[in-house]
Amino acid sequence: MISPSIQNEIIESIGDVIKNKVVDRVRTSKYFSILCDEKTDTSTIKQMTICIRYVDSTTFTIKEDFLGFVEMASTTGTAIKDAIKAEIEKVGLSFDFLRGQGYDGGSNMSGKNNGVQALILQEQPLAFYTHCFSHSLNLCLSKACEVVSIKNMTSIVVYFSNESSTTNKKTKLKKLCETRWVDRHDSLISFKELYIYTVATLEHLEHHDSNPETSSKASLYSKQQDLSKALTNVTAVRQALETKRKNADQSFKEIMNSVTELALKVGVEITMPRTCGRQTKRVNVNAKDPEEFDKRFQQIMPLEGLIPTNFGNYDDASILAAAFIYENDFPVGMMSCLKAEIFIWKKQWESETNLPESAVEALQHCTELLPNIKKLLQLFATLPVTSATPERTFSVLKRLKTYLRATMTGERLNGLALANINKDDLDFKDIEKYILPAFIKRSPRRVQTLDWTK
């Protein structure tokens with residue numbers, strides 16, 4: 001039992017048992033979405049992670065489970081699409097019930113002609129693509145902060161966070177992440193708290209530091225949900241910004257008072273920047289009214305109107321038009337029944353005050369009288385929102401495939417990763433019931449260890 005090949009077979013058997021449990025739940029749910037991402041491991045092999053999103057019909061919760069890593073020789077859209085389809089079919093699932101795709105914004109994934117999402121849409125038109133909301137927010141805020149003055153300020157944070165002593169227990173500037181806006185929040189807060197001391201340090205370095213590079217730098221240097229909830233959060237932020245824009249004078253006055261107070265403490269006079277008569281390039285250009293947030297989901301977003309808190313946002317005709325997209329998922333004559341179900345569904349919540357705010361919460365309250373409403377809410381909840389789950393699997397990949405274990409086979413890696421990531425699906429009772437029989441089936445000449453007396 002200590003042979004490497006035997007160990008690998010046991011690990012692979014454990015992984016197969018966990019994967020079968022996930023697939024059984026997906027089959028019960030019927031509809032699913034895929035989440036994918038790609039990373040190069042320590043042995044310079046490109047690993048694509050495949051996760052699956054579905055609604056657990058027994059617990060009424062959204063699950064995003066890891067299926068495995070796939071070694072990629074090529075990362076073109078066609079190669080990735082073929083690998084995804086092969087893996088999905090390998091575990092016994094079908095593209096016929098694929099209803100969503102969730103990736104980052106890479107051109108090979110999101111390209112409208114030869115990207116993975118476009119190629120899969122050609123085979124399954126109902127597999128709507130979602131560009132990860134977290135990536136979109138990060139890109140939006142990072143792009144908005146390319147103003148020269150803000151870039152200079154963040155550069156100061158980077159410089160001093162690198163120079164800070166790790167042994168100092170007092171408040172210090174924290175390292176600013178170059179790519180993730182969410183991780184910058186604490187860095188900017190600490191920078192504001194230490195602003196006065198930062199200015200004093202810069203002035204000292206500029207005039208007294210013997211290192212010309214440091215001196216020149218000192219002179220230069222003077223951020224369970226579904227699609228509905230995600231869009232609700234985006235709308236809330238947008239409305240907050242619009243409110244500030246409507247009350248721009250008051251908002252700017254508060255900011256100006258705060259800045260003036262800090263400027264007085266460090267002896268800086270606030271003056272107007274130099275302007276010219278024919279200025280054509282500005283930091284803040286005149287913008288038109290903001291466009292509609294995202295048109296990718298405008299066809300199916302009226303299904304959001306089936307969530308009780310959104311009853312007033314869409315009329316019945318819009319909901320029926322969105323439901324018609326999934327007509328092949330319903331029996332003939334569904335539209336006439338659905339119209340009656342929508343009426344009953346809305347009447348059910350007229351006297352209620354505590355209304356569900358997401359599709360999966362509303363799903364729990366669907367009775368046998370509302371089978372079509374239940375299926376539409378399930379389809380809506382299945383649509384992916386972010387690719388955070390695939391990102392988390394890379395943390396496990398980094399721990400499992402280290403420099404000292406760089407020659408690990410893909411089968412062993414997947415078995416260990418499944419056992420670690422989906423550990424909630426592993427129980428000691430499964431050893432005799434599932435894992436041992438799976439291990440025995442790997443060799444026709446293996447002794448029947450379950451009960452050798454028979």
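Below, the structure is looked at part by part. Worth saying up front: this structure is predicted, and the values here are computed from it rather than measured.

This paragraph deals with helix H18 (residues 430-440). Residues Asp430, Ile435, Pro437, Phe439 and Ile440 constitute the buried set of H18. Buried residues along H18 sit in contact with helix H1 (4-29).

What follows is about the sheet that holds strand S2 (residues 46-56). Reading across the sheet, the five strands line up as S3-S2-S1-S4-S5 and stay open at both edges, with mixed pairing between neighbours. Each edge of the open sheet carries a strand with a single partner, namely strand S3 (61-72) and strand S5 (128-131). Here the average twist between neighbouring strands, direction ignored, is 25°. Across eight bridges, strand S1 (residues 32-40) lies against S2 in antiparallel orientation. The residue of S2 that forms the bridge with aspartate 37 is threonine 49. Against the sheet, helix H2 (residues 77-90) engages S1, S2, S3 and strand S4 (98-103), with an angle of about 120° to S3. Against the sheet, helix H17 (residues 410-421) contacts S2 and S3, and its axis sits at roughly 165° relative to S3.

As a further point, take the nonpolar core. Tyr326, Trp345, Ile373 and Leu377 are the most contacted members of the largest nonpolar core, which totals 35 residues. Where this core is concerned, the elements lending two or more residues are helix H12 (316-323), helix H13 (334-348), helix H14 (359-363) and helix H15 (371-382). A per-element tally of this core places H15 first, with six residues. Beyond its immediate chain neighbours, meaning those up to four positions away, isoleucine 373 contacts Leu306, Leu338, Glu341, Ile342, Trp345 and Cys366. Core analysis: the next-biggest nonpolar cluster, separate from the first, contains 27 residues, Ile50, Leu67, Ile88 and Ile120 among them.

The N-to-C vectors of H13 and H15 enclose an angle of 90°; their axes lie 8 Å apart at closest approach. By the criterion of interaxial angle, the relationship of H13 to H15 is roughly perpendicular. Contact residues: H13 offers Met334, Cys337, Leu338, Glu341, Ile342 and Trp345, while H15 offers Pro371, Asn372, Ile373, Leu376 and Leu377. Here the contact of H13 with H15 is composed, by residue class, of nine nonpolar, one polar and one charged.

Following the criterion strictly, the structure yields 14 salt bridges and no others. Beyond isolated ion pairs, a larger network of salt bridges with shared partners links Lys81, Asp82, Lys85 and Glu123.

Among the six residues of S4, six are classified as buried, and the element is accordingly described as predominantly covered. Two strands pair when backbone bridges link them, and S1 and S4 are joined in this way by four bridges, in the parallel orientation. Opposite phenylalanine 32, over in S4, you have leucine 98 as the bridge partner. Here S4 pairs with S5 via four bridges, running parallel. In the sheet register, tyrosine 103 faces S5, and the bridge partner there is histidine 131.

Turning to the packing of aromatic side chains, a few remarks are in order. Taken as a whole and judged by the stated rule, the model has five aromatic pairs. Arranged with centres 5.7 Å apart and planes meeting at 25°, the rings of tyrosine 103 and tyrosine 129 form a pair that is stacked. Here the residue tyrosine 103 occupies a position in strand S4, and tyrosine 129 occupies one in strand S5, the gap between them amounting to 26 residues. Plain terms: the ring middles of phenylalanine 128 and tyrosine 326 are 6.4 Å apart, the flat faces sit at 70° to each other, and that makes the pair edge-to-face.

All right, on to the side chain of glutamate 341 then. Mapped onto the fold, glutamate 341 is located in helix H13. Here glutamate 341 sits buried without a salt bridge, and the closest side chain of opposite charge, lysine 375, lies 10 Å off (N-O distance). In this structure, glutamate 341 is in contact with Leu369, Leu370, Pro371, Asn372 and Ile373, ignoring residues within four places of it in sequence.

Attention now moves to the packing of H1 against H17. H17 packs onto H1 with a crossing angle of 50° between their chain directions and a minimal axis gap of 8 Å. With respect to H17, the element H1 is oriented oblique. At the point where H1 passes H17, the crossing takes the left-handed sense. Two secondary-structure elements touch here, H1 through Gln7, Asn8, Ile11, Glu12, Ile14, Gly15, Ile18 and Lys19 and H17 through Glu411, Arg412, Gly415, Leu416, Leu418 and Ala419. Looking at side-chain class alone, the contact of H1 with H17 contains six nonpolar, four polar and four charged residues.

The rules behind each value
- Along every chain, residues carry numbers that run from 1 in the direction the sequence is written.
- Reporting of local features is limited, given that this is a predicted model, to residues whose pLDDT is at least 70; pairs of side-chain atoms are given and counted only at 80 or more, and all residues count toward the totals for whole chains, interfaces and linings.
- Each side-chain value is worked out from all heavy atoms of the structure, with water and hydrogens disregarded.
- Burial classification: accessible surface area is computed with a 1.4 Å probe over protein chains only, and a residue below 20% of its type maximum counts as buried, one above 50% as exposed, and the rest as partly exposed.
- For the purposes of this entry, the term helix denotes a DSSP run of H or I that reaches at least four residues, the term strand denotes a run of E that reaches at least two, and both are numbered from the N terminus.
- Residue contacts are counted whenever heavy atoms from the two residues lie within 4.5 Å of one another.
- Strands are treated as partners if at least two bridges between them are detected by DSSP.
- Axis definition: a line fitted to C-alpha atoms, limited for helices to the stretch in contact. Angles are taken between N-to-C directions and run from 0 to 180 degrees.
- Among buried residues, the Ala, Val, Leu, Ile, Met, Phe, Trp, Tyr and Cys ones that are joined through side-chain atoms within 4.5 Å form a nonpolar core.
- Each angle gets one of four labels, with under 35 degrees taken as roughly parallel, over 145 as roughly antiparallel, 65 to 115 as roughly perpendicular, and the rest as oblique.
- We call Asp, Glu, Lys and Arg charged. Ala, Val, Leu, Ile, Met, Phe, Trp, Tyr, Cys and Pro are nonpolar, and the rest, Gly among them, are polar.
- Salt bridge criterion: a side-chain nitrogen from Lys or Arg within 4 Å of a carboxyl oxygen from Asp or Glu.
- Put simply, two rings from Phe, Tyr or Trp (the six-membered ring, in Trp's case) pair if the centres are within 6.5 Å, and we call them stacked under 30 degrees between planes, edge-to-face over 60, tilted for the rest.
- His is not counted here, nor are the chain ends, while Lys and Arg score as positive and Asp and Glu score as negative.
- By convention the crossing between two helices is left-handed if the near helix lies anticlockwise of the far one by an angle smaller than a right angle, and right-handed if it lies clockwise.

The values reported here are purely geometric and, on their own, carry no functional implication.
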